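Results of the structural survey
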Amino acid sequence: MKMDRKLSVNDADHLVLGGVDAVGLAQKYGTPLYVMEEDTIRAAMRAYRDSIDRFYDGKGLICYASKAFSCKEMYRIAKSEGLGADVVSGGELYTALSVGFPMENVCFHGNNKSDDEIRMALENRVGRIVVDNIEELGRISVLADELDMIQPIMFRIKPGIDAHTHNFIMTGQIDSKFGFALETGEAMAAVKQAIENPSVRLVGVHCHIGSQIHEVTPFVKAAEVMVQFMGDVKKETGYEIEELNLGGGYGIRYTDEDDPVPYAEYMEAVSGAIHKKAEEVGIRVPFILMEPGRSIVGEAGTTLYTVGSVKQIPGIRTYVSIDGGMGDNPRYILYQSKYDFLLANKAGAPADTVVTVAGKCCESGDLLGENVPLAKAEAGDIMAVLSTGAYNYSMASNYNRNPVPPVVMVQDGSDRLIVRGQTYEDLCHNDI
Ligand code: LLP
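From a predicted model like this one, the values you see are computed outputs, not experimental measurements.

Describing the overall build of the protein
Counting secondary structure elements, the protein contains twelve helices and 21 strands. The C-alpha radius of gyration computed for the protein amounts to 23 Å, which stays within 12% of the reference 22 Å derived for 432 residues, consistent with globular compactness. Oriented by its inertia axes, the alpha-carbon framework of the protein measures out at about 70 × 50 × 40 Å. Taken over 432 residues, the protein has a buried fraction of 55%. Of the contacts formed within the protein by residues at least 6 apart in sequence, a portion of 70% connects residues at least 24 apart. With the model as given, the accessible surface of the protein reaches about 18,400 Å², and the carbon-plus-sulfur share is 49%.

Describing the packing of aromatic side chains
Considering all chains together, one arrives at ten aromatic pairs under this definition. Taking 6.0 Å as the distance between ring centres and 50° as the angle between the ring planes, the aromatic pair formed by Y48 and Y250 counts as tilted. Here Y250 lies in the loop between β12 (243-245) and α9 (263-281) and Y48 lies in helix α2 (residues 38-56), a separation of 202 residues in the sequence. Among the residues examined, Y48 registers a relative accessible area of 0% and is labelled buried. In this structure Y250 comes out as buried when scored by relative accessible area, which is 3%. Measuring from ring centre to ring centre gives 5.6 Å for F69 and Y393, while their planes differ by 80°; the resulting arrangement is edge-to-face. Of the two residues, F69 is situated in the loop between β5 (60-65) and α3 (72-80) and Y393 in the loop between β19 (382-386) and β20 (407-411); the sequence distance between them amounts to 324 residues. Above the ring of F108, the side-chain terminus of K113 is found at 5.9 Å from the ring centroid.

Quick look at the environment of A47
With respect to the secondary-structure elements, A47 resides in helix α2. Since its relative accessible area comes to 30%, A47 is described here as partly exposed. In this structure the C-alpha to C-alpha distance between A47 and L93, which are 46 residues apart in sequence, comes to 25 Å.

Some points on the site of the ligand
Residues in close proximity to the ligand total 19 residues, the closest being S211, E291, R294, R331 and Y391. Between the ligand and G293, the relevant distance is 2.9 Å, taken from an oxygen atom to a main-chain nitrogen or oxygen of the residue. R294 has a polar backbone atom sitting 2.7 Å from an oxygen atom of the ligand. The fraction of the free accessible surface of the ligand (590 Å²) that becomes covered by protein chains is 91%. Classifying every residue of the shell around the ligand gives six nonpolar, seven polar and six charged. Split by domain, the residues of the shell around the ligand number at least three in each of domain 1 (8-37 + 298-428) and domain 2 (109-292).

Some thoughts on the side chain of T356
When you line up the elements, T356 lands in strand β17 (residues 353-358). For T356, a relative accessible area of 3% translates into the label buried. For T356, the side chain forms a polar contact with the side chain of R317, separated by 2.9 Å.

Some points on the sheet that holds strand β2 (residues 15-17)
Spatially, the three strands line up as an open sheet ordered β1-β2-β3, and their pairing is antiparallel. A strand with exactly one partner marks an edge of an open sheet, and here the two such strands are β1 (8-9) and β3 (20-21). Inspection of the sheet shows β2 paired to β3 by two bridges, in the antiparallel sense. Within β3, the residue paired with V16 across the bridge is D21.

Considering the domain arrangement of the protein
Here the protein is described as being made up of domain 1 (8-37 + 298-428) and domain 2 (109-292). On a C-alpha basis, the centroid separation for the pair domain 1 and domain 2 is 36 Å. The partner domain 2 presents eight residues to the ten residues of domain 1 that form the contact. Here domain 1 packs against domain 2, burying approximately 940 Å² in sum over the two surfaces, 52% of which is carbon and sulfur.

Brief notes about the pairing of strand β4 (residues 33-37)
Most of β4 sits inside the fold, with five of its five residues counted as buried. Every second residue of β4 is oriented toward a common face, with L33, V35 and E37 on one face and Y34 and M36 on the other, all of them buried. Bridge count between β4 and strand β14 (residues 301-313): four bridges; the pairing is antiparallel. Opposite L33, over in β14, you have L304 as the bridge partner.

Some points on the environment of E291
With respect to the secondary-structure elements, E291 resides in the loop between β13 (287-290) and α10 (294-297). Accessibility expressed as a relative area gives 4% for E291, which makes it buried. Taking C-alpha positions, E291 is 39 Å from A349, a pair spaced 58 residues apart along the chain. Not counting the four nearest positions on each side in its chain, E291 is found in contact with C63, A65, D86, C107, H109, H206, N245, G247 and G248. At 2.9 Å, the side chain of E291 forms a polar contact with the side chain of H206.

What counts, and at which threshold
- Residues numbered from 1 in each chain as written.
- Predicted model: local features only at pLDDT ≥ 70, side-chain atom pairs only at ≥ 80, totals over all residues.
- Heavy atoms only, no water.
- Helix = DSSP H or I, 4+ residues; strand = E, 2+ residues; numbered from the N terminus.
- Rg over C-alpha atoms; globule rule 2.2 N^0.38 Å.
- Buried < 20%, exposed > 50% of the residue type's maximum accessible area, 1.4 Å probe, protein only.
- Contact = heavy atoms within 4.5 Å.
- Areas by Shrake-Rupley, 256 points an atom, 1.4 Å probe, with all protein chains shown as cover.
- Phe/Tyr/Trp six-rings, centres within 6.5 Å; stacked < 30°, edge-to-face > 60°.
- Lys NZ or Arg CZ within 6 Å of the ring centre and 35° of its normal.
- Near = heavy atom within 4 Å.
- Polar contact = N/O pair within 3.5 Å; in protein donor to acceptor, adjacent residues only side chain to side chain.
- Nonpolar A, V, L, I, M, F, W, Y, C, P; charged D, E, K, R; others polar.
- Domains from an automatic or database assignment.
- Pairing = 2+ DSSP bridges.
- Buried area = accessible area lost by both parts, 1.4 Å probe.

What follows is the structure, given as structure tokens:
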């Protein structure tokens, strides 16, 4: 198998995840099955937290971007590691609330929050609402007035940075549905309105330039643009914005084609740029927030499937069909995302065939990968797809009325169910 990543394989030639035999997990819980390795998640959280200590004298907060993988246990883990959370809907907020997540450490995002969502955030004293547009500022201020409170806010700014990633997940450029533009003066006008508005307190500015980014430069440039803007605000209004939220977007390793930069390198470069620019424009070094999602959970996840059929079309290709697909992992059909595949019950066997991995949905595009190197597959094999911890479970759907699979957490040789799989009854639960 051509794969640089270190895999753990036992004497039975089975893939081992978090000290647990993956084939045993498939037998115990059934397939498809999402498996998450807790140590990997916690290690990533600690690496981020440590970088705040190292490069910002501890003056910062890492908010786990829970859209990457949201369930009660994830908010519990983030809380226990001292992280905050980025939530982007009433549903994520509700899930965080349900496990007593500290609301002062929550950033509430969204480019079109409903009044109900805003009220929910206000009533629960969410620490920061990241305001996307001027209408939203108006709605927050009306609702804050009603509740007789002053809501801390940040503004989402488009720093005008083109990060090299898939168009669908690129967000920092002016042609984006998210946030206020700098070039047009829209952001400065919004800041002036907020400063005058007694129902909100403008604590910070935010940017998020995109996702699965492997270069340091776009992050450094975005940080410079943001600090420059904070300096401009101070110059024009005398108001000093205290906080800078740099969003998420750090790339992970899906296949050997990816070469992620260690977080500490990002942090060091970005921190250097912020310190230098802050001095240049005459503001204090801001309190830093960051919102990593994919890089906290992505590599911690593996999805297990059972191979059902192997269809060889001579001279064309070989389809290996598995019992899941775009319902539990829509990333190939959406972004042509690449993954590493292996057979968990023959983990050491050489990957000497090239196949197309097909899902079970009624859709020709329902594939998980093409030109995939794989050991010779047969019906009944357990296929493992690696690095599926981010934006898989959280983007799952019930297309074709396939139930969303369960999620199991593994650590130090033990496994525990953290999300039950849906049943057919669940699928009909809301039907009338
Ligand atoms: N902060 C904000 C405001 C965001 O919009 C996002 C992601 C993040 C943080 C976290 O970014 P991360 O560290 O995970 O890259 N479904 C796509 C990814 C969409 C990302 C949306 N926003 C995928 O599967 O690749």
